[in-house]
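Now for the letters of each chain:
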Amino acid sequence: MKRRTFIGSSVAASVGLVSTAGVAMEGKSFITNDLKGNINHSVCRWCYSKIPMEDFLQSLNELGIAAMDLTGPEDWPLMKKYGIHASMCWGAGFGIEKGWNDSKLHQELIKDYLQMIPKVAEAGYTNLICFSGNRNGMNDEDGLRNCAKGLKQIMPLAEKHGVVIQMELLNSKVDHKDYMCDHAEWGVALCKEIGSENFKLLYDIYHMQIMEGDVIRTIRDYHEYFGHYHTGGNPGRHEIDETQELYYPAIMKAILETGFKGYVAQEFIPSWEDKIAALKQGITICDV
């Protein structure tokens, strides 16, 4: 499933690479990055959906990227062939706009997630994404209460199978108008209400920079509730280099300082003609 389709259903060493990678590496074979091993690197499939899956997996092997986000059961056999881990699974729910804040959807959502959780575990994976849904006139307190009521009904099975349900923080200003889980404090309050180590937040750095900024302080204050991270350059959601306002090496160091052992996935939309070279640059910038 393509990320854009999914959205629509609901739309220095690193610096040295900036000026040359987009041209010099185009059409060339890669030498595996000499990665430091401090950050567990991943990448979101939808950003590279025009590249055939097997070709993309080969590129990930050559780059030394061990995982991929936002894939489902139809992708996993080929990923296993190339030794690529599914670091954030999807395949349950209605997408971004219709989520757990709507109690009328709970019966079907619960059924869907109870079917998907064992599949994730049987495949050897841990993380399964979920969404709050749009407000549609609902206040945040009622939405939080509804989310907690529904999600609590799937947590026993998630805990039994060792699967972590992760709700993504998204911006409601630019990309996902009216989305409810659009601030870290709301998401943290939901985590506290659910009260399970198997429910976390997917902290998307790009989205939260748009909504509230203060990224490093937020990571330090709330890291225990963050189970996964996504990157992206702001403004524009393109490369995470000096063309945008965030300084990712410092953000990655802050994440490491919290003791985080999960995955950081690149989720920027490459603007370079050579998409894989852009991905290599992003990984190198984040490899602190």
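Up top is the structure these notes are about.
Here is a short report on the structure shown in this document. Everything numeric here is computed off the predicted structure, so don't read it as measured data. (Residues numbered from 1 in each chain as written. Predicted model: local features only at pLDDT ≥ 70, side-chain atom pairs only at ≥ 80, totals over all residues. Heavy atoms only, no water.)

Observations concerning the layout of surface pockets
Formally: Here a cavity means grid points, on a 1 Å grid over the protein atoms only, where a 1.4 Å probe fits yet cannot get out; a pocket means an open set of points with protein on both sides within 12 Å along at least five of seven lines; lining residues are those with an atom within 4 Å of a point. Grid points are joined across faces, edges and corners, and a volume is the space filled by probe spheres set on the points. Classification convention: Asp, Glu, Lys, Arg as charged; Ala, Val, Leu, Ile, Met, Phe, Trp, Tyr, Cys, Pro as nonpolar; all other residues, Gly among them, as polar.
Taken as a whole, the second largest pocket holds about 160 Å³ of empty space. Taken together, ten residues form the lining of the second largest pocket, with Cys47, Tyr48, Ser49, Lys50 and Lys275 sitting closest to its centre. Along the lines of polarity and charge, the residues of the lining of the second largest pocket split into six nonpolar, one polar and three charged.

Quick word on the environment of Glu197
Rule in force here: Helix and strand definitions here come from DSSP, where helices need a minimum of 4 consecutive H or I residues and strands a minimum of 2 consecutive E residues; each element is numbered from the N-terminal end. Throughout, exposure labels follow a simple rule: accessible area from a 1.4 Å probe, protein chains only, divided by the maximum for the residue type, with under 20% read as buried, over 50% as exposed, and the rest as partly exposed. Any pair of nitrogen or oxygen atoms within 3.5 Å is treated as a polar contact; in protein, a donor-acceptor pairing is required on top of that, and neighbouring residues in sequence qualify only through side-chain atoms on both sides.
You can see Glu197 is positioned in the loop between helix H9 (184-194) and strand E6 (199-204). Exposure remark for Glu197: the relative accessible area of 61% places this residue in the exposed category. Between the C-alpha atoms of Glu197 and Glu159, which are 38 residues apart in sequence, the distance is 8.2 Å. Here the side chain of Glu197 touches Lys200 through a polar contact of 3.2 Å, side chain to side chain.

Observations concerning the packing of aromatic side chains
Two aromatic rings are characterised by how far apart their centres lie and by the angle between their planes. To keep it simple, the criterion reads: When the centres of two rings from Phe, Tyr and Trp lie within 6.5 Å, Trp using its six-membered ring, the rings pair. Their planes under 30 degrees apart give stacked, over 60 give edge-to-face, and anything left gives tilted.
Per the stated rule, a full pass over the model turns up seven aromatic pairs. Relative to Tyr113, the ring of Trp100 lies with its centre 5.4 Å away and its plane at 55°, an arrangement referred to as tilted. Of this pair, Trp100 sits in the loop between strand E3 (85-89) and helix H6 (106-122) while Tyr113 sits in helix H6; the two residues are 13 residues apart in sequence, bridging distant segments of the chain. The exposure class assigned to Trp100 is buried, which follows from its relative accessible area of 1%. When the ring of Tyr229 is compared with that of Phe260, the centres are 4.9 Å apart and the planes differ by 90°; the resulting orientation is edge-to-face.

Remarks on the environment of Asp178
Stated precisely, the cut-off is as follows: The contact criterion used is simple: two residues touch if any of their non-hydrogen atoms lie within 4.5 Å.
Tracing the chain through its elements places Asp178 in the loop between strand E5 (164-168) and H9. Residue Asp178 is classed as partly exposed on the basis of its relative accessible area of 32%. Between the C-alpha atoms of Asp178 and Glu97, which are 81 residues apart in sequence, the distance is 8.4 Å. In this view, Asp178 contacts Asn134, Arg135, Asn136 and Ser172; residues no more than four positions away in its chain are not counted.

What to know about the side chain of Asn134
By the secondary structure assignment, Asn134 is in the loop between strand E4 (127-130) and helix H7 (140-151). The class of Asn134 is buried, set by a relative accessible area of 10%.

A look at unusual backbone geometry
In this model, Asn234 is joined to Pro235 through a cis peptide bond whose omega is 5°. Locating Pro235 in the fold gives a position in the loop between strand E7 (226-230) and helix H12 (248-257). With phi around 80°, Asp178 is a residue other than glycine that occupies positive phi space. In this structure, Asp214 is a non-glycine residue whose phi angle is positive, near 50°. Position of Asp214 relative to the elements: it lies in the loop between helix H10 (205-211) and helix H11 (215-222).

Considerations on the packing of H7 against H9
Stated formally: Axis definition: a line fitted to C-alpha atoms, over the contacting stretch in the case of helices. Angles run 0 to 180 degrees between N-to-C directions. An angle below 35 degrees is treated as roughly parallel, one above 145 as roughly antiparallel, one from 65 to 115 as roughly perpendicular, and anything else as oblique. Left-handed describes a crossing whose near helix is turned anticlockwise from the far helix by less than a right angle; the clockwise case is right-handed.
Relative orientation of the contacting elements H7 and H9 amounts to 40°, with a least axis distance of 10 Å. Compared by their axis directions, H7 and H9 come out oblique. For H7 against H9, the interelement crossing comes out right-handed. In contact with Asp140, Gly143, Leu144, Cys147, Ala148 and Leu151 of H7, H9 contributes Trp186, Ala189, Leu190, Glu193 and Ile194.

Focus: the environment of Cys130
Within the secondary structure, Cys130 is located in strand E4. A C-alpha to C-alpha distance of 9.9 Å links Cys130 and Leu109, two positions 21 residues apart in sequence. Excluding its chain neighbours within four sequence positions, the residues that come into contact with Cys130 are Trp100, Tyr113, Leu151, Ile165, Gln166, Met167, Glu168 and Phe199.

Looking at the nonpolar core
Heads up, the rule is: In plain words, nonpolar cores are sets of buried Ala, Val, Leu, Ile, Met, Phe, Trp, Tyr and Cys residues tied together by side-chain atoms within 4.5 Å.
Counting residues in each nonpolar core, the largest one holds 92 residues, and the members touching the most others are Leu151, Ile165, Met167, Leu190, Phe199, Ile205 and Met252. Ranked by the residues each element gives to this core, the list is headed by helix H13 (residues 275-286), at seven residues. Residues within four places of Ile165 in sequence aside, it is in contact with Tyr113, Ile117, Leu128, Cys130, Leu151, Ile154, Met155, Ala158, Asn198, Phe199 and Lys200.

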